Amino acid sequence: MPIIKSHTLLANDSNEHSDIHERIKKSANYLDQLILDQSSEKLDSKLAIERLPFKKSINSNSNILKLNYNNHFLLKSDFEKLLPDLNSRQYKVKDLQNKNLITELIKGRYASNLKPNGSYYLVFNNVEDAAVYYHETKGKKINGKQISFEFISSINNEFKYMYFPILPDLRISKYIDKNLVENWFTNDLIKSLNKNETNSALITISKQLWEDYKQSSRNNENLDSINGNSNEKKTDKFKNLPIIERTNTVILNNIPENFKSNDIAEWLWEYDLYPIEELSIRKIINSSGGGNNSNKINKLNTWCLIFSNELEARRFILQYDNRHLFENENLPIIKAEILG
């Protein structure tokens, strides 16, 4: 009898309700469209930039808002919920497909250890959308705390908190000068990370992926995939790989030193992972915590897991975050979070 993964069973179970969900969705879209058609009295979104008190410091590249906040577990949906409903907004909504305005959320982290630094970066299609969001959410609170966004006029100063060389995340390429990434591989932080054997191998992979990505861009190939060039010395392993999504990536803490990638892979047998194992299951930080060299249970590491999609990543977190590893009370309680 073939083995059926649990998420397949869940998907099959939900099929009988799909027609109802689709009708509800169409009804909601119809109501939104009615509001959109009756929004002639609302302000044109172009005025959002003009009404900024600091508009002189804003340029066409200012499509990113930054928030400093000490809660490390906010999601993109938390920021979307700050927006008023369509009927209550000050500005016209031009496109229902983009009514939430935010295209991506990047959680700021220290590149050396991937710990959150308390910053969130909200990425928009353009400065106009960013300005509309700024006005529509002004005075809002998260968990009872007043929040205040600031425009990022240049990403260069924030880049070190947004791109992590030990995680080959290429989405950042949409927002920055490619030369910035190239220089990143030669800076002091990279040199210090390279001293660690595990990090050194990952940085090599990351650099190779970036080179392949640049080559595919030059060839005007599909930018949604990574394509290697024709150099025969390069392995085919990294050709045509999907770009790694942050939302598919899980940071897994408190894994004992004596556990290897094969142990993790066996544990994750029912999950769909990124197609290259060197990337999908990786130890990124070595040995923290107590214990001496002979006690590898007390020495804990941080791993990075990359799943095939966000659903798989969140399913893993729901199942294992804040629980004993392998459901064994003699093993540490693991902490798992989306990279974000």
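Everything numeric in this text was worked out from a predicted model, so none of it was measured.

So, how was this worked out
Residues numbered from 1 in each chain as written. Predicted model: local features only at pLDDT ≥ 70, side-chain atom pairs only at ≥ 80, totals over all residues. Heavy atoms only, no water. Salt bridge = Lys/Arg side-chain N within 4 Å of Asp/Glu carboxyl O. Helix = DSSP H or I, 4+ residues; strand = E, 2+ residues; numbered from the N terminus. Buried < 20%, exposed > 50% of the residue type's maximum accessible area, 1.4 Å probe, protein only. Phe/Tyr/Trp six-rings, centres within 6.5 Å; stacked < 30°, edge-to-face > 60°. Core = buried A, V, L, I, M, F, W, Y, C linked by side-chain atoms within 4.5 Å. Contact = heavy atoms within 4.5 Å. Pairing = 2+ DSSP bridges. pLDDT = per-residue confidence, 0-100.

1. Some points on the pattern of salt bridges
Item 1. This model, assessed by the stated rule, comprises seven salt bridges.
Item 2. Among the ionic pairs, Glu337 bridges to Lys107, the shortest N-O distance being 3.5 Å. One end of the pair, Glu337, is in strand S12 (residues 335-338); the other, Lys107, is in strand S2 (residues 102-109), and 230 residues separate them in sequence.
Item 3. Judged by its relative accessible area of 14%, Glu337 is buried.

2. Focus: the packing of aromatic side chains
By convention here, two paired aromatic rings are described through the distance between centres and the angle between planes.
Item 1. With the rule as written, the count across this model stands at 14 aromatic pairs.
Item 2. Between Tyr133 and Phe149, the aromatic rings sit 5.5 Å apart at their centres with planes inclined by 75°, giving edge-to-face as the arrangement. Separated by 16 residues along the polypeptide, Tyr133 in helix H5 (residues 127-136) and Phe149 in the loop between strand S5 (145-146) and strand S6 (150-151) bring together distant segments of the chain. Of the two residues, Tyr133 and Phe149, both sit in the buried class.
Item 3. With 5.3 Å between their ring centres and 55° between their planes, Phe259 and Phe326 make a pair best called tilted. With a gap of 67 residues between them, Phe259 in the loop between strand S9 (249-256) and helix H9 (261-267) and Phe326 in the loop between helix H11 (310-320) and S12 connect regions that are remote in the sequence.
Item 4. Its relative accessible area of 31% is what places Phe326 among the partly exposed residues.
Item 5. A connected cluster of aromatic rings, assembled from ring pairs, spans Phe259, Trp267, Tyr271, Phe307, Phe316, Tyr320 and Phe326.

3. A word on the environment of Arg246
Item 1. With respect to the secondary-structure elements, Arg246 resides in the loop between strand S8 (241-242) and S9.
Item 2. Look at Arg246 and you get buried, because its relative accessible area is 3%.
Item 3. With 61 residues separating them along the chain, Arg246 and Phe307 place their C-alpha atoms 10.0 Å apart.

4. Re the nonpolar core
Soluble, globular proteins show a tendency: their nonpolar side chains are buried together.
Item 1. Formed by 27 residues in total, the largest nonpolar core has its most connected members in Leu65, Phe79, Leu122, Tyr133, Phe149 and Phe151.
Item 2. Of all the secondary-structure elements, those providing two or more residues to this core are strand S1 (64-68), S2, strand S3 (116-124) and H5.
Item 3. Residues in contact with Tyr133, not counting those within four places in the same chain, are Leu65, Phe79, Leu82, Leu83, Leu101, Ile102, Leu122, Phe124 and Phe149.
Item 4. Judged by nonpolar contacts, the second largest core, of 21 residues, contains Trp267, Tyr271, Phe307 and Leu325.

5. Some points on the sheet that holds S6
Item 1. The strand order across the open sheet formed by four strands is S2-S3-S1-S6, and the pairing between neighbours is antiparallel. Whereas interior strands pair on both sides, the edge strands pair on one side only; in this sheet they are S2 and S6.
Item 2. Direction of pairing for S2 relative to S3: antiparallel, over a ladder of six bridges. Looking at the pairing, Leu105 lines up with Leu122 of S3.

6. Brief notes about the confidence of the model for the chain
Item 1. For the chain, the mean per-residue pLDDT works out to 75, and 59% of the residues sit at or above 70.
Item 2. Considering only residues more than four positions removed or in separate chains, one finds that residues 220-235, a stretch of pLDDT under 50, has 31 contacts.
Item 3. In this model residues 289-295 is a low-confidence stretch, pLDDT under 50, and it forms seven contacts with partners more than four residues away in sequence or in other chains.

7. Here's the deal with H5
Item 1. Most of H5 sits inside the fold, with 10 of its 10 residues counted as buried.
Item 2. Three or more residues of H5 are buried, namely Val127, Glu128, Asp129, Ala130, Ala131, Val132, Tyr133, Tyr134, His135 and Glu136.
Item 3. Where H5 is buried, its residues meet helix H3 (47-50), S1, helix H4 (76-80), S2, S3 and S6.

8. Describing unusual backbone geometry
Item 1. The phi dihedral of Leu101 falls on the positive side, at around 70°, and the residue is not glycine.
Item 2. Along the polypeptide, Leu101 turns up in the loop between H4 and S2.
Item 3. Phi is positive for Asn322, which is not a glycine, with a value near 65°.
Item 4. By the element assignment, Asn322 lies in the loop between H11 and S12.
Item 5. Looking at Asn322, the relative accessible area reads 46%, which means it is partly exposed.

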